[in-house]
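# Secondary and tertiary structure notes
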Amino acid sequence: MPSIHFEIKDAVAYITLNRPEKFNAFNRSMALELQAVLDECNTDKNIRAVYLSGNGRAFCAGQDLGELIGENAPGFEQILSEHYNPIITKIRTINKPVIAAVNGVAAGAGANIALACDIVVATSSASFIQAFSKIGLIPDSGGTFVLPRLIGLQKATALMMLGEKVTATEAEKIGMIYKVFDDAEFEIESKKIVCTLAAMPTLGLAYTKQALNASMQNNLEQQLQLEDTLQYKAAHTKDYAEGVAAFLEKRTANFIGE
Ligand code: LHQ
């Protein structure tokens, strides 16, 4: 059984973490497989949006703690530099929207991989746990970068130090995630979002992502300059021409992602 299930349908890449008996915790093989499919999502022009979720009851429980003790245990340095850091960089720089569909508990690196995605939605029974402090580690996988920016330094610090579980409903309330859906509607509603994204002007969304990434460090002047550059590029896409024509002709636009 591959530890990542990968399927492309109607311009959407569905990536499913697939170690359900371990709550989709990462071993080395799953981390490398995920990197490979993220690369494919970036380069395959037929893919225009990405949907990341987990098989079974959990989204992802972070590192497989069992893997850390055996003879072939990967070194700590190797785990970050070869497993989690490349995953986070790939999610943030992939030139299409990535949606995390959090179908159950997301803990440790699993929580921070979800939060690195462009849009995070969760089922109402899901939860988020910065589990690291409970085993004497520090939050990684970009968590110390992203979480304070999403919910503020005070709440991020408390959640990271106390390692408390945050329900999906609370996560939505504090701005950690975009939306929570009732369990019964979660799959349909989350897939509606990714299908909508896949039919939108893909390059425009990629430039939006680039601008938002840069906004984490830029000052206003630098950001205005970047918007200028990226807007120029967006205005030279086929989808921009189609969007304006469709509006003026009072018809639905047919975007092709070019
Ligand atoms: C697991 C795991 C798991 C293996 C559930 N591993 N089996 C970076 C730097 C270097 C090294 C270390 O890692 C990192 C990044 C990190 O991610 S560090 C943080 C690692 N993750 C955790 O500490 C979370 C550990 N898991 C939990 O706290 C709980 O399992 C959660 C809160 C996720 C779920 O709790 P429950 O709903 O009560 O489920 P459970 O505990 O009964 O787990 C279900 C099964 O999944 C169980 O297996 P079993 O055979 O007994 O049914 C667990 O052993 C297995 N599992 N997490 N990380």
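This section reports on the structure supplied with the text. Because the structure is predicted, anything quoted here is derived from the model rather than measured.

## Focus: the site of the ligand
Of all residues adjacent to the ligand, which total 20 residues, the nearest are Ala-61, Gln-63, Leu-65, Ala-109 and Asp-140. A distance of 3.0 Å separates a nitrogen atom of the ligand from a polar backbone atom of Ala-61. With respect to the ligand, the backbone of Ala-109 contributes an N or O atom lying 2.9 Å from an oxygen atom. Within the complex, the protein chains bury 63% of what would otherwise be the 1000 Å² of accessible surface of the ligand.

## Let's talk about the pattern of salt bridges
If you walk through the whole model with that rule in mind, you get 11 salt bridges. In this structure, Arg-92 engages Asp-118 in a salt bridge whose closest nitrogen and oxygen atoms are separated by 3.2 Å. With Arg-92 in helix α2 (residues 76-93) and Asp-118 in the loop between α3 (109-116) and β7 (119-123), this pair connects stretches of sequence that are 26 residues apart. Among the salt bridges present, the one from Lys-173 reaches Glu-170, with a minimum N-O distance of 3.7 Å. Of this pair, Lys-173 and Glu-170 both sit in helix α6 (residues 168-173), 3 residues apart, roughly one helical turn. Classification of Glu-170 by relative accessible area gives partly exposed; the value is 30%. Three or more residues joined by partner-sharing salt bridges are found here, namely Arg-92, Asp-118 and Lys-209.

## Things to note about helix α10 (residues 238-248)
If you check which residues of α10 are buried, you get Asp-239, Glu-242 and Ala-246. Each buried residue of α10 lies within a common arc of 60° when the element is viewed along its axis, so the set occupies one face. For α10, the exposed residues lying more than 90 degrees away from the buried face are Phe-247 and Leu-248. Packed against the buried residues of α10 are α8 (202-215). Looking one or two residues beyond α10, the residue adopting positive phi is Lys-250, at roughly 55°.

Calculation notes
- Residues numbered from 1 in each chain as written.
- Predicted model: local features only at pLDDT ≥ 70, side-chain atom pairs only at ≥ 80, totals over all residues.
- Heavy atoms only, no water.
- Near = heavy atom within 4 Å.
- Polar contact = N/O pair within 3.5 Å; in protein donor to acceptor, adjacent residues only side chain to side chain.
- Areas by Shrake-Rupley, 256 points an atom, 1.4 Å probe, with all protein chains shown as cover.
- Salt bridge = Lys/Arg side-chain N within 4 Å of Asp/Glu carboxyl O.
- Helix = DSSP H or I, 4+ residues; strand = E, 2+ residues; numbered from the N terminus.
- Buried < 20%, exposed > 50% of the residue type's maximum accessible area, 1.4 Å probe, protein only.
- Arc of directions from axis to C-beta.
- Contact = heavy atoms within 4.5 Å.

Nothing here speaks to function; it is geometry throughout.
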